[in-house]
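Reading the structure
Residue-level listing of the chains:
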Amino acid sequence: MAKRIVVLGAGISGVGAAVLAKKKGFDVFVSDKGIITDENKAVLLNNEIEWEEQKHSSASILNADEVIKSPGIPDNVDLIQQLIAKEISVISEIEFAFRYTKAKIAAITGSNGKTTTTLLLGHVLKSAGYDVLVAGNVGVSFALSLAQRDYDYIILELSSFQLDGIQKFRSDVAILLNITADHLDRYNYKLENYAASKFRITENQTKQDVLIYNADDAMMELLTIKAKKLPISLTTKQKEGGFYNNNNNKIIINLNNNTMTMQELALQGRHNIFNSMAAAMAARVFEVKDTVIRQAMIDFQNVEHRLEYVLTVHGIDFINDSKATNVNACWYALESMTKDVVWIVGGVDKGNDYAELTEMVDKKVKAIICLGENNENIIEAFKGKVEIIVQASNMQEAVNQSYALAGKQDVVLLSPACASFDLFANYEDRGIQFKKQVRNL
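We now turn to the structure provided with this report. The structure presented is a predicted model; accordingly, all values stated were derived computationally and were not measured.

**A look at the packing of aromatic side chains**
For the structure shown, the criterion picks out eight aromatic pairs. When the centroid spacing of 5.2 Å and the interplanar angle of 75° are considered together, the rings of Y153 and F286 count as edge-to-face. Here the residue Y153 occupies a position in strand β8 (residues 153–157), and F286 occupies one in the loop between α10 (270–285) and α11 (290–299), the gap between them amounting to 133 residues. Clustering of aromatic rings is evident, with ring pairs tying together F26, F96 and Y100. Its end group placed over the ring of Y151, R149 keeps NZ or CZ at 3.9 Å from the ring centre.

**A word on the environment of A107**
Tracing the sequence through the fold places A107 in strand β6 (residues 104–109). Sequence separation between A107 and F26 is 81 residues; the distance between their C-alpha atoms is 27 Å.

**So, the packing of helix α6 (residues 114–127) against α11**
It is the contact of α6 with α11, at a shortest axis distance of 9 Å, that shows an interaxial angle of 130°. The pairing of α6 with α11 is recorded here as oblique in orientation. Crossing angle aside, the handedness with which α6 passes α11 is right-handed. For the pair α6 and α11, the contacting residues are L120, H123, V124 and S127 in the first and V292, I293, A296, M297 and D299 in the second. Taken together, the residues of the contact of α6 with α11 break down into six nonpolar, two polar and one charged.

**Quick look at the packing of α6 against α10**
At their nearest, the axes of α6 and α10 sit 9 Å apart, and the two run at 40° to each other. The angle between α6 and α10 falls in the class oblique. For the pair α6 and α10, the sense of crossing is right-handed. Where α6 approaches α10, its residues T116, T117, L120, L121 and V124 are matched on the opposing element by N272, N275, S276, A278, A279, A282 and A283. Tallied by class, residues from the contact of α6 with α10 come to seven nonpolar, five polar and no charged.

**Examining unusual backbone geometry**
Most peptide bonds take the trans form, and the phi angle of most residues other than glycine is negative. We note that Q54 has phi near 60°; this positive angle belongs to a residue other than glycine. In this structure Q54 comes out as exposed when scored by relative accessible area, which is 54%. Within the chain, E87 stands out as a residue other than glycine whose phi angle is a positive 60°. We classify E87 as exposed; its relative accessible area is 75%.

**Here we look at the sheet that holds strand β13 (residues 250–255)**
Read across the sheet, nine strands follow the order β7-β8-β6-β9-β10-β11-β12-β13-β14 without closing on themselves; strand pairing throughout is mixed. Among the strands making up the open sheet, the edge pair consists of β7 (132–136) and β14 (258–262). Between one strand axis and the next, the sheet turns by 15° as a mean value, whatever way the strands run. Bridge analysis of strand β12 (residues 241–245) against β13 gives five bridges, and the strand direction is antiparallel. If you follow G242 over to β13, its bridge partner there is I253. Sheet strands touched by α6: β6, β7, β8 and β9 (173–176). Its angle to β8, the strand with the most contacts, is close to 165°. Strand contacts of α10: β9, β10 (210–214), β11 (228–233), β12, β13 and β14, with the helix running at about 30° to β13, the strand carrying the most contacts.

Scoring rules and cut-offs
- Residues numbered from 1 in each chain as written.
- Predicted model: local features only at pLDDT ≥ 70, side-chain atom pairs only at ≥ 80, totals over all residues.
- Heavy atoms only, no water.
- Phe/Tyr/Trp six-rings, centres within 6.5 Å; stacked < 30°, edge-to-face > 60°.
- Helix = DSSP H or I, 4+ residues; strand = E, 2+ residues; numbered from the N terminus.
- Lys NZ or Arg CZ within 6 Å of the ring centre and 35° of its normal.
- Axes fitted to C-alpha atoms, helices over the stretch in contact; angles between N-to-C directions.
- Parallel < 35°, antiparallel > 145°, perpendicular 65-115°, else oblique.
- Left-handed = near helix turned anticlockwise from the far one by under 90°.
- Contact = heavy atoms within 4.5 Å.
- Nonpolar A, V, L, I, M, F, W, Y, C, P; charged D, E, K, R; others polar.
- Buried < 20%, exposed > 50% of the residue type's maximum accessible area, 1.4 Å probe, protein only.
- Pairing = 2+ DSSP bridges.

Written as structure tokens, this is what we have:
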């Protein structure tokens, strides 16, 4: 009799896992406590996969041989605890899909910059003519892609939630960009718990594998590593690894006694120097030629909703940074601004400490627009530091207010530092609505 796989959550990763499991001959059942989209229902029906929505039926779930859980479902909910008590294996889509590939894998995690770094590394490898899949937290299902075919190289963006569900997953190259406070509501409000999840990216690596990590981040001192270490730094010269030479504005990559330098980059801002360094380092490990890496770094197009230039209206630049869902990402956005800023901020606060932004706000921000259902923490943090703080109940109001408050040569920056679920479906929806309202001005 076929082994029974139950998939909890029918989003991108869940449906992908279900299709791959069905293709591999498992008896598959999908359960979602919410409503499954028509598009995903069609995929399940086309693959003859049984499903339920708006409930989790214990009888149909607790008889599983293995459960593949959506990253959005916390481990502490009753159903997951019941599965654990019954010693039923609960894994992520990433763990399941990993069993069915022979590809060389690069896995990227960190609180900030992981999408940009993932897409940048994918772009470099594709420019080199490699057979590449870019998947994971970038919105492409690793499992669904493998249900169609395997690849030579797979680049995965991984969140801490996805890493929580691994057992044997390992990557040839792991990239750990940074650890800053994010999603602490899922980790008992302890930064070390969140860091431990991120560190899982390297736990199954061997000495034949490579870990590229941020030498400037003090949290990295807690890491236990078997893999070959390649540190990268914006401040300190590295004998083997990557570093930024501020004097001549060059990135230097040292690997196996070979040195590569890069100067021209498509992406601006100090944080993107770091992301570019990480991607270049990984590309060198995968033996991409220096000339290809340099050219790919020049012609890369930035990711949507991350410091995305939208439009200039009467001399005012509008920038969409909706993907900045935590304080640290927002710090980087503000740091890269060269004009006075009207800042649109707010949403679902995940335990944010806005004090980290005080210095940057003092230097850069002339007005704040709070966009969210609960703005007290933001108002409290910046009251007396910024002269104008107003509130908006929807995106149209926020954009109209920003337009009224900004002058010629100013920039309006949507960089929320918060999750989007109070007023929007997700950060993409928030960014799309921002761009629509800007174009309506």
